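Spelled out from the first residue to the last, the chains are:
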Amino acid sequence: ALLEKIGAGGMAEIYRAKTFGAAGFEKEFAVKMILPALADDKEFVGMFINEAKIAVSLYHANIVQVFDLGEMDAQYYIAMEFVHGKDLLDVLARCAQLDLKIPFNIVLHIAMEFLKGLDFAHRAKNSYGEDLNIIHRDVSPSNVLMSYSGDVKIGDFGVAKAAVQRN
């Protein structure tokens, strides 16, 4: 079930969602959906599908996990890990608003954790040991997600390029 919209960009919207299972089991996740105005744009739909196919192969603590690529009512969606926290853009904006500086040790932590995820993506190999040569191409504060428990993850491989498009 979609619970609330938590983000929107020029090409997609992201919702907080929850699935329910047996014996009161619940799991939160995020759902990224193509904006309805772009649902018929074959090039964009192809990029969206490729994002899911690239990101699903990147299992690392500092990369937002992709669980599923699906289609409902002729609209594609990506189900992915929900990071309970804020993105770096939100944090920087709030710090500017309050005239605060992020302490240097926290800046280093954010940078190191983010770079671990990016390094993993850049060094990723397929099941045959061949380099995927993934380049994120959208490294920005809005794509650095920080959980309230201190996790730092890179997300949004929407414009990423790999050596070979995933099939």
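Everything here concerns the structure above.
One structure accompanies this document, and this report is about it.

Conventions we followed
Residues numbered from 1 in each chain as written. Predicted model: local features only at pLDDT ≥ 70, side-chain atom pairs only at ≥ 80, totals over all residues. Heavy atoms only, no water. Core = buried A, V, L, I, M, F, W, Y, C linked by side-chain atoms within 4.5 Å. Buried < 20%, exposed > 50% of the residue type's maximum accessible area, 1.4 Å probe, protein only. Helix = DSSP H or I, 4+ residues; strand = E, 2+ residues; numbered from the N terminus. Contact = heavy atoms within 4.5 Å. Pairing = 2+ DSSP bridges. Axes fitted to C-alpha atoms, helices over the stretch in contact; angles between N-to-C directions. Polar contact = N/O pair within 3.5 Å; in protein donor to acceptor, adjacent residues only side chain to side chain.

**A short note on the nonpolar core**
Phase 1 of the analysis: Judged by nonpolar contacts, the single largest core of 30 residues is most densely connected at Leu58, Ile134 and Phe157.
Phase 2 of the analysis: Counting residues per element, this core draws most heavily on helix α1 (residues 42–55), which supplies seven residues.
Phase 3 of the analysis: Apart from the residues within four sequence positions on either side, Phe157 is in contact with Glu51, Ile54, Ala55, Leu58, Ile63, Ala121, Ile134 and His136.
Phase 4 of the analysis: Within the second largest apolar cluster, six residues are counted, among which are Tyr15, Ala17, Phe29 and Ala79.

**Observations concerning the environment of Asp90**
Phase 1 of the analysis: Within the secondary structure layout, Asp90 lies in helix α2 (residues 88–97).
Phase 2 of the analysis: Sequence-wise, Asp90 and Leu145 are 55 residues apart; in three dimensions their C-alpha atoms are separated by 9.7 Å.

**Observations concerning the sheet that holds strand β6 (residues 85–87)**
Within a sheet, neighbouring strands are paired by backbone hydrogen bonds and run either parallel or antiparallel to one another.
Phase 1 of the analysis: Reading across from one edge, β6-β7-β8 is the order of the three strands in this open sheet, with antiparallel pairing throughout. Strands with a single pairing partner mark the edges of an open sheet, and in this sheet they are β6 and β8 (152–154). On average, each strand axis in the sheet is tilted by 25° relative to the strand beside it, whichever way the strands run.
Phase 2 of the analysis: Note that strand β7 (residues 144–147) and β8 share three bridges and pair antiparallel. In the sheet register, Met146 faces β8, and the bridge partner there is Val152.
Phase 3 of the analysis: On top of the sheet, helix α3 (residues 104–123) reaches β7 and β8; it is set at about 40° to β8, its chief contact.

**Re the side chain of His136**
Phase 1 of the analysis: Relative to the assigned elements, His136 resides in the loop between α3 and β7.
Phase 2 of the analysis: Exposure remark for His136: the relative accessible area of 1% places this residue in the buried category.
Phase 3 of the analysis: Within polar-contact distance, the side chain of His136 engages the backbone oxygen of Gly155 at 3.0 Å.
Phase 4 of the analysis: Reaching out from His136, the side chain makes a polar contact with the backbone oxygen of Asp156 at a distance of 2.9 Å.

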